[in-house]
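The residues making up each chain are set out below.
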Amino acid sequence: MDKTDIIVIGAGPVGLFTVFEAGLLGLNCTLIDNLDRPGGQCAELYPEKPIYDIPGVPFQTGQEHVNALLKQIEPFEYDLYLDQRVDSLNQIKDGDDDYWEVITTENKKFISKNIFIAAGAGSFEPRRPPNIDNPDQYINKGVSYAVRSVDQYKDKNIFIFGGGDSALDWTVELSKKAKSVSLVHRRDAFRGAQHTEEMMRELVKNGKVNLLTPYLIDSIKGNGKVEGVSLKNFESNEIESHDADELIFLFGLNKKLGPLLEWNLELNGKKISVNTENFQTNKEGIFAVGDINDYPGKMDLILSGFHETTLAVQEAYKRINPGERVPFGYTTSNSKLQEKLGVKK
Ligand SMILES: Cc1cc2nc3c(=O)[nH]c(=O)nc-3n(C[C@H](O)[C@H](O)[C@H](O)COP(=O)(O)OP(=O)(O)OC[C@H]3O[C@@H](n4cnc5c(N)ncnc54)[C@H](O)[C@@H]3O)c2cc1C
């Protein structure tokens, strides 16, 4: 099994910047995130909201910030594993050396001397439809909680559930490809962008979208795969059955600390206690950086996480190269970065 210099749990802004700081010292990283794309809260919760407090960057949206970080780490070596949560963390021995092994929900194993927990407020998990027993039995068989490939919905009868931006955006977008699109929401008021709601209502007027309010899902019909859906009308309490190929539940995300709480790390509430010299936890080789950590004066800001991971990477270097001085230099004279960027001297 491959060993990496640093395993980073969480590909939010702080996890991404860890790759940069590690790269400057010639260390490689493996990043793992539960979501289907990097960027953590910036990409998932506020891609279009402006951020004004990144030093030297007067204005960036959440997504622009993530894009800039991805660009910044391009010169460096890293692997990114998405759609899987790190579930367990175990100490293992290889000869005389101690390592940490992480195992993901996809049953992938990774080994490193240094684990950086950059898990923010925990892993984001999609909210399941209420009162449906085990909807996940139909995952990849007609039930989804995010749209990963638009082509999957071509010429299908789709039901989209939700009342926020994602539900509105995908209703508009998928109406171009699907055989039919029904948007189901428990009231006739939406929380998404007004402009998109207007587009959706225009599509309803033109018969391209079927708007079903106030409705709630009652049950999923299927045999191995989704074949239909029953909906309950909130006002009349009547149940209606519809044929359906795909059900997309866009009820938002829950944050779950989940497995992190079971790793015997010293916690303060739901955050991991660290020392501020190197952001190591009570276990050697396990660091916590960004929103997930706690120390006196902690602020949940992106720039705090950047500082924390910069110092933590120094300690990780020392653990990999015992007795060696950590090389220090400004990025302008960092040979590894200059080499990767192809800068000629
Ligand atoms: C609405 C809003 C506006 C904000 N505006 C600003 C702002 O203007 N300026 C500012 O500085 N900060 C702002 N913040 C705060 C900022 O977003 C956070 O400080 C920052 O995202 C923390 O980065 P992070 O990398 O530590 O964690 P996150 O961004 O939370 O990323 C953590 C990642 O770890 C993943 N993860 C967690 N557990 C696991 C696991 N077990 N396995 C795999 N993956 C896991 C999660 O899925 C997530 O992608 C804002 C926050 C919100 C909610």
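The structure presented is a predicted model; accordingly, all values stated were derived computationally and were not measured. (Residues numbered from 1 in each chain as written. Predicted model: local features only at pLDDT ≥ 70, side-chain atom pairs only at ≥ 80, totals over all residues.)

A. Seen up close, the overall build of the protein. Assigned secondary structure in the protein consists of seven helices and 22 strands. Judged by the C-alpha coordinates and their principal axes, the protein covers about 75 × 45 × 35 Å. Across the 345 residues that make up the protein, the buried fraction comes to 34%. Intrachain contacts of the protein at a sequence separation of at least 6 include 60% that bridge at least 24 residues. (Helix = DSSP H or I, 4+ residues; strand = E, 2+ residues; numbered from the N terminus. Buried ≥ 20, exposed ≤ 12 C-beta atoms within 10 Å, placed from the backbone. Contact = placed C-beta atoms within 7 Å.)

B. Geometry of the pairing of strand β6 (residues 86–94). Bridge analysis of β6 against strand β7 (residues 97–104) gives eight bridges, and the strand direction is antiparallel. Residue pairing for β7: N90 is matched across the bridge by E101. The hairpin turn running from β6 into β7, its antiparallel successor, is two residues long, and G95 in that turn takes a positive phi close to 65°. (Pairing = 2+ DSSP bridges.)

C. Summary view of the nonpolar core. Residues I9, I115, F116, I117, A118 and F287 are the most contacted members of the largest nonpolar core, which totals 45 residues. Listed by contribution, the elements that provide at least two residues to this core are β1 (3–9), α1 (13–24), β2 (29–32), α3 (62–73), β6, β8 (109–117), β21 (286–288) and α6 (302–320). Residue contributions to this core peak at seven residues, all from α1. Discounting residues that sit within four places of it in the chain, F287 has contacts with N114, I115, F116, I117, F279, Q280, T281 and A312. Judged by nonpolar contacts, the second largest core, of 30 residues, contains V143, L174, A244 and I248. (Core = buried A, V, L, I, M, F, W, Y, C linked by C-beta atoms within 7 Å.)

D. Geometry of the domain arrangement of the protein. The domains assigned to the protein are domain 1 (3–124 + 254–341) and domain 2 (128–251). Computed from C-alpha coordinates alone, the two centres of domain 1 and domain 2 are separated by 36 Å. (Domains from an automatic or database assignment.)

E. Summary view of the sheet that holds strand β15 (residues 226–233). The sheet built from three strands is open, its strands ordered β14-β15-β16 with antiparallel pairing. For this open sheet the edge positions go to β14 (215–222) and β16 (239–243), each flanked by a neighbour on one side alone. Strand after strand, the sheet turns through a mean of 25° between neighbouring axes, direction not considered. (Axes fitted to C-alpha atoms, helices over the stretch in contact; angles between N-to-C directions.)

F. Layout of the site of the ligand. Around the ligand, a shell composed of 36 residues is seen, among which G10, G12, G40, G120 and G290 lie nearest. For the shell around the ligand, the residue count by class is 19 nonpolar, eleven polar and six charged. (Near = placed C-beta within 6 Å. Nonpolar A, V, L, I, M, F, W, Y, C, P; charged D, E, K, R; others polar.)

G. Highlighting α3. If you check α3, its first and last C-alpha atoms are 17 Å apart, about what twelve residues at 1.5 Å a residue would give, namely 16 Å. Within α3, the full set of buried residues consists of G62, H65, V66, L69 and I73. The buried residues of α3 all sit within an arc of 100° when viewed along its axis, so they share a single face. (Expected span 1.5 Å × (residues − 1). Arc of directions from axis to C-beta.)

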